[in-house]
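The residues making up each chain are set out below.
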Amino acid sequence: MNILLELFVVTFKVLWAFVLAAAKWLVRPKEKSVAGQVCLITGAGSGLGRLFALEFARRRALLVLWDINTRSNEETAGMVRHIYRQLGEAAVAAPRAGEDGETEAAPQGSLQVYTYTCDVGKRENVYTTAERVRKEVGEVSVLVNNAGVVSGHHLLECPDELIERTMMVNCHAHFWTTKAFLPKMLEMNHGHIVTVASSLGLFSTAGVEDYCASKFGAVGFHESLSHELKAAEKDGIKTTLVCPYLVDTGMFRGCRIRKEIEPFLPPLKPEYCVKQAMRAILTDQPMICTPRLMYMVTFMKSILPFEAVVCMYRFLGADKCMYPFIAQRKQATNNNEAKNGI
């Protein structure tokens, strides 16, 4: 094809993509069903992972929960089973009709939740547990890479082991879980891979170099994987990148921006964050930043001179927003050491 003609076609497609994106803002897309599909969530024992599990349970997905903490993972499983029981009782009282008039739901007996104790930062542990899942549950259709850790130390005070741990859990684990479950998705041309990253994977701040690096890595991995699936023309496999602002889960307790700005940009409620992410996942949205202001911040960081970005950070109090959090973590560590007589 003549290059000028091809350029015209590409320009039209780009403009049409803008039109479709604008249309989705005006008309909310229909959410797809995940009923009966196997959904695996890492870091399901608490925080966003637990809330993702409950949301998928309400939509009748079969849950596979991974967490390093067996007790908290079982607590999440208990909440999921409670939802399943409620769905079963509701189905008996009033069967749900689908579009074709048929009853639309996974059979109540098939609504199960499976728990596995897994350290996603250890490659062999991931592969071994993944093989157990395939044998005991079946192939995974929805993979939610959610597990994450933070060290809470300045770079020069952070032990190398904690830096490695942060990179392994927050970034490398995405490689291992995806390599474990993507082959069957490719074979079936069906699946959905969700990367729970962070706004700190799009722009950074001081004091959390290891965390920012790991989240930037997760974002880069996700974007490259998305392009690879497109290049392979596997349009049945969807991807969603989740980049929330600071979420009030306690992970960054103590983090503060400028007090005059804080009322306008408070930490996100975990429930709100997950509901926004679920809407994006179920409508096959490639990326979701919460709140929407994060899109603007990312864009401005890309076009402004670095010194201009520094000025904005200082005005917002974002340049040292992690320092109170780091100080609290250091104090807690010192208290634990004193308590244990170290």
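Residues numbered from 1 in each chain as written. Predicted model: local features only at pLDDT ≥ 70, side-chain atom pairs only at ≥ 80, totals over all residues. Heavy atoms only, no water.

**Describing the pairing of strand E2 (residues 62-67)**
At step 1: The buried fraction of E2 is high, at 6 of 6 residues.
At step 2: Sheet topology note: the strand E1 (residues 38-42)/E2 ladder contains 5 bridges and is parallel. If you follow valine 38 over to E2, its bridge partner there is leucine 62.
At step 3: Since E1 and E2 lie parallel, the crossover through helix H2 (residues 47-58) that links them has a hand, and here it is right-handed.
At step 4: Of the strand pairs in this sheet, E2 and strand E3 (residues 113-117) are connected by 5 bridges, and their pairing is parallel. Counted as the bridge partner of tryptophan 66 is tyrosine 116 from E3. (Buried < 20%, exposed > 50% of the residue type's maximum accessible area, 1.4 Å probe, protein only. Helix = DSSP H or I, 4+ residues; strand = E, 2+ residues; numbered from the N terminus. Pairing = 2+ DSSP bridges. Right-handed = clockwise from strand over helix to strand, strands pointing away.)

**Considerations on the packing of helix H5 (residues 160-188) against helix H6 (residues 209-231)**
Packed helix pairs are specified by the crossing angle of their axes together with the interaxial distance, meaning the distance between the axes.
At step 1: Closest axis-to-axis distance for the H5/H6 pair is 8 Å, and the angle between their directions is 15°. On the basis of the axis angle, H5 is roughly parallel to H6. H6 is crossed by H5, and the crossing has right-handed handedness. Contact with H5, carried on its side by Leu162, Ile163, Thr166, Met167, Asn170, Cys171, His174, Phe175, Thr178, Leu182 and Leu186, involves Asp210, Tyr211, Ala213, Ser214, Lys215, Gly217, Ala218, Phe221, Leu225 and Leu229 of H6 and no other residues of that element. (Axes fitted to C-alpha atoms, helices over the stretch in contact; angles between N-to-C directions. Parallel < 35°, antiparallel > 145°, perpendicular 65-115°, else oblique. Left-handed = near helix turned anticlockwise from the far one by under 90°. Contact = heavy atoms within 4.5 Å.)

**Details of the pattern of salt bridges**
At step 1: Tallied over the full model, the rule gives 15 salt bridges.
At step 2: Arginine 134 is the salt-bridge partner of glutamate 131, the closest N and O atoms lying 2.8 Å from each other. Here glutamate 131 pairs with arginine 134, and both are found in helix H4 (residues 123-136), just 3 residues apart, close to one helical turn.
At step 3: Under the relative-accessibility criterion, arginine 134 is labelled partly exposed at 24%.
At step 4: The partner of glutamate 262 in a salt bridge is arginine 256, with the nearest N and O atoms 2.8 Å apart.
At step 5: Overlapping salt bridges bring together Glu55, Arg58, Arg59 and Lys275 as one network. (Salt bridge = Lys/Arg side-chain N within 4 Å of Asp/Glu carboxyl O.)

**Regarding the UniProt feature "transmembrane region" (unreviewed entry) in the protein chain**
At step 1: The residues that UniProt annotates with the feature "transmembrane region" (unreviewed entry) are residues 7-27 and 33-53.
At step 2: Secondary structure across residues 33-53 comprises 33% helix and 24% strand; the distance between its end C-alpha atoms is 15 Å. (UniProt positions renumbered as here; feature names shortened; annotations may be inferred.)

**Remarks on the side chain of asparagine 170**
At step 1: Residue placement: asparagine 170 occurs in helix H5.
At step 2: Engagement of the side chain of asparagine 170 in a polar contact is seen with the side chain of serine 214, the distance being 3.1 Å.
At step 3: Aside from chain neighbours lying at most four places away, what touches asparagine 170 is Ala147, Gly148, Val149, Tyr211, Ser214, Lys215 and Ala218. (Polar contact = N/O pair within 3.5 Å; in protein donor to acceptor, adjacent residues only side chain to side chain.)

**Some thoughts on the sheet that holds E2**
Within a sheet, adjacent strands bond to each other through the backbone by hydrogen bonds, running parallel or antiparallel.
At step 1: With respect to topology, 7 strands assemble into an open sheet ordered E3-E2-E1-E4-E5-E6-E7, the strand pairing being parallel. Every interior strand has two partners, whereas the edge strands, E3 and strand E7 (287-290), have only one. On average, each strand axis in the sheet is inclined to that of its neighbour by 15°, with strand direction left out of account.
At step 2: Note: strand E5 (residues 191-196) against strand E6 (residues 237-244), 6 bridges, orientation parallel. Residue pairing across strands places glycine 191 opposite isoleucine 237, the latter belonging to E6.
At step 3: The sheet contacts of H4 involve E1, E2 and E3, and relative to E3 the element is tilted by about 160°.
At step 4: Each of E1, E2, strand E4 (142-145), E5 and E6 is contacted by H5, which is oriented at about 170° to E4, the strand it contacts most.

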